[in-house]
Amino acid sequence: MFAEKKQNKPQVSEINVIGKNTTITGDVVSEGDFRIDGNIEGTIKTNGRVIIGVTGVITGKIECDEADIEGKFSGELVAESLLLLKSTAKISGEVIISKLSVEPGAEFNATCIMKGAIKALKNEQSKQEKTA
């Protein structure tokens, strides 16, 4: 007769911290957020946010929802929603994003594709595959 009320528990997102004197080589996968103040060579994949601190250096690939960069990044970065570059950021490589915010002083030496363009490219590729 009475329906049970479902209680929506808030999802607790863990925060993963890679310290200043830490070096990781390889792939890192998590559902939570990352703060990197050390060095990573490889891939970071998360549904959360990636923060690269002033002393953080990443060479490889990042796949995330949001990225805030104060340190150095070289490689391929895919941010589903926002990429925020602080004034101390140094970026090179390929960037695929929806929104971009760059503070004065940041170095941005990358090819950049905005998400709206990605949808158009995917539609174009699927049309070419169907006709082939």
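Note: the structure precedes this text.
Keep in mind that this is a model prediction, so the values were computed, not measured. (Residues numbered from 1 in each chain as written. Predicted model: local features only at pLDDT ≥ 70, side-chain atom pairs only at ≥ 80, totals over all residues. Heavy atoms only, no water.)

A. Inspection of the overall build of the chain at higher detail. When its secondary structure is counted, the chain shows 1 helix and 10 strands. Excluding contacts between residues fewer than 6 apart, the proportion of contacts in the chain whose partners are at least 24 apart in sequence is 2%. Of the accessible surface of the chain, which amounts to about 8700 Å², a share of 50% is contributed by carbon and sulfur atoms. (Helix = DSSP H or I, 4+ residues; strand = E, 2+ residues; numbered from the N terminus. Contact = heavy atoms within 4.5 Å. Areas by Shrake-Rupley, 256 points an atom, 1.4 Å probe, with all protein chains shown as cover.)

B. Inspection of a nonpolar patch on the surface at higher detail. There is a patch of nonpolar side chains on the surface, built from Leu100, Val102 and Met114 and spanning about 220 Å² of accessible area. Within the fold, methionine 114 resides in strand β10 (residues 107-114). The class for methionine 114 is partly exposed, based on a relative accessible area of 37%. (Patch = residues over 30% accessible without salt bridge, like charges linked within 9 Å, V, L, I, M, F, W, Y side chains within 5 Å. Salt bridge = Lys/Arg side-chain N within 4 Å of Asp/Glu carboxyl O. Buried < 20%, exposed > 50% of the residue type's maximum accessible area, 1.4 Å probe, protein only.)

C. The environment of glycine 75, seen in detail. In this structure, glycine 75 sits in strand β7 (residues 72-85). Counting along the chain gives 32 residues from glycine 75 to threonine 43, while the straight-line C-alpha distance between them is 9.7 Å. Not counting the four nearest positions on each side in its chain, glycine 75 is found in contact with Gly60, Ser92, Gly93 and Glu94.

D. Focus on the nonpolar core. Among the nonpolar cores identified, the biggest contains 23 residues, and Ile62, Ile69 and Leu77 are the most heavily contacted of them. Elements supplying a minimum of two residues to this core: β3 (33-36), β4 (39-46), β5 (49-52), β6 (57-69), β7 and β8 (90-97). Apart from the residues lying within four places of it in its own chain, the contact partners of isoleucine 62 are Ile44, Val50, Ile52, Phe73, Glu76, Leu77 and Val78. (Core = buried A, V, L, I, M, F, W, Y, C linked by side-chain atoms within 4.5 Å.)

E. Focus on the environment of lysine 72. Position of lysine 72 among the secondary structure elements: in strand β7. Look at lysine 72 and you get partly exposed, because its relative accessible area is 44%. For the pair lysine 72 and valine 57, spaced 15 residues apart in sequence, the C-alpha to C-alpha distance is 4.7 Å. Setting aside anything within four residues of it in sequence, one finds lysine 72 in contact with Ile52, Gly56, Val57, Ile58 and Lys90.

F. Up close: the environment of isoleucine 44. Counting through the fold element by element, isoleucine 44 comes out in strand β4. Along the sequence, isoleucine 44 and aspartate 27 sit 17 residues apart, while their C-alpha atoms lie 6.0 Å from each other.

G. Geometry of the pattern of salt bridges. According to the stated counting rule, one finds 5 salt bridges in the structure shown. Note that glutamate 63 is salt-bridged to lysine 61, the shortest N-O span being 3.1 Å.

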